[in-house]
Amino acid sequence: MTELVIAGSGFAGTWAAIAAARARTLAAADSTLAITVVSPTPNLHIRPRFYETALDEMAPDVGGLFRDIDVTHVAGTVAAIDVAARTVDCVGADGRRTQRAWDRFVLATGSVLFKPDIPGLDAHAFDIDQLAHARRLDTHLRSLASRPASAARDTVVIAGGGFTGIEAACDMPARLRAILGAAADIRVVLVEQAPAIGPDLAPARARKSSRRCTPAVSRS
Ligand SMILES: Cc1cc2nc3c(=O)[nH]c(=O)nc-3n(C[C@H](O)[C@H](O)[C@H](O)COP(=O)(O)OP(=O)(O)OC[C@H]3O[C@@H](n4cnc5c(N)ncnc54)[C@H](O)[C@@H]3O)c2cc1C
């Protein structure tokens, strides 16, 4: 039996499991391949859409998919990797530590937001890096409806004019008007250190984003 262990059930981990299962089916000779995915829950978080409001749809359960393609899901996190011994230590939600052996190991545990050391950032800013953070922002936006209208209430400042900042900024006017009413005087300010927004986009796309965003975003 060949053991493949994959840490993470995001896009990378889930796709690795699907690809391995497909290869196992195609190469019937290696039908002894056992595929295991370790992640806290068998959910695939659709992080690129965490700026949207329909957050309940952004973490589909892929447990059924794993069962259908004969992939075992283990609920837990990988806490240690021993490359020489070819083992991982997994910690379950109950804190229990178990060890799993592997012949092949895929590390697909994702990325985390870089938060620069800016005074006030931790206390006052929101982010949409993880589902729980996106829910926190959503709860805050909804709570604005109970506050009296003011320029401060109706103004959003978004730091970072890359993909995520642009998408979040473009979504914000409609999202806030759904909460605060069609007449709300929404102002979205996108702050970017580069001379133009979308510095990492291809030049033509960046120009298009600037054209689309400037009138709609700076005062919408
Ligand atoms: C707001 C936002 C917008 C984005 N927009 C885009 C975009 O437009 N286009 C684009 O290409 N990309 C975009 N990205 C990036 C994209 O979402 C990520 O590149 C992608 O989700 C990464 O997939 P992943 O499988 O590597 O990691 P993730 O999706 O983060 O999955 C990581 C998995 O690992 C699990 N895990 C974490 N630690 C452990 C551990 N110790 N043990 C076991 N499991 C663990 C997690 O629970 C999860 O299942 C965006 C990201 C964000 C946050």
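Above this text is the structure in question.
Draft legend 1. Structural context of helix α5 (residues 163–180). In a regular helix each residue adds 1.5 Å, so 18 residues correspond to 26 Å; α5 covers 26 Å between its end C-alpha atoms and thus fits that length. Where α5 bends most, the angle comes to about 40°, and this point is M172, followed within four residues by the proline P173. Those residues of α5 lying buried are G165, I166, A168, A169, M172, P173, R175, L176 and L180.

Draft legend 2. Expanded view of the pairing of strand β3 (residues 71–75). Examined bridge by bridge, strand β2 (residues 33–39) and β3 share 5 bridges and lie parallel to one another. For V37, the partnering residue across the bridge sits in β3 and is H73. A crossover links β2 with its parallel partner β3, the connecting element being helix α2 (residues 63–68), and its sense is right-handed.

Draft legend 3. Just the layout of surface pockets, in detail. Empty space within the largest pocket amounts to approximately 1,300 Å³. As for the largest pocket, its lining consists of 37 residues, and the residues nearest its centre are F126, D127, I128, I158 and A159. Contributions of two or more residues to the lining of the largest pocket are made by α3 (121–124), α4 (131–143), β8 (155–159) and α5. Broken down by class, the residue content of the lining of the largest pocket amounts to 21 nonpolar, 9 polar and 7 charged. Mapped onto the domain boundaries, the lining of the largest pocket takes at least three residues apiece from domain 1 (2–107) and domain 2 (121–218). Space inside the second largest pocket adds up to approximately 570 Å³. Contributing to the lining of the second largest pocket are 25 residues, with S9, G10, T109, G110 and Q130 lying nearest its centre. Looking at the lining of the second largest pocket, the elements with two or more residues in it are α1 (11–26), β2, β4 (77–82) and α4.

Quick notes on the rules
- Residues numbered from 1 in each chain as written.
- Predicted model: local features only at pLDDT ≥ 70, side-chain atom pairs only at ≥ 80, totals over all residues.
- Heavy atoms only, no water.
- Helix = DSSP H or I, 4+ residues; strand = E, 2+ residues; numbered from the N terminus.
- Expected span 1.5 Å × (residues − 1).
- Bend = angle between axes of the 7 residues up to and from the residue.
- Buried < 20%, exposed > 50% of the residue type's maximum accessible area, 1.4 Å probe, protein only.
- Pairing = 2+ DSSP bridges.
- Right-handed = clockwise from strand over helix to strand, strands pointing away.
- 1 Å grid on protein atoms, 1.4 Å probe; cavity = no way out; pocket = protein on both sides within 12 Å on 5 of 7 lines; lining within 4 Å.
- Points joined across faces, edges and corners; volume = space filled by probe spheres on them.
- Nonpolar A, V, L, I, M, F, W, Y, C, P; charged D, E, K, R; others polar.
- Domains from an automatic or database assignment.

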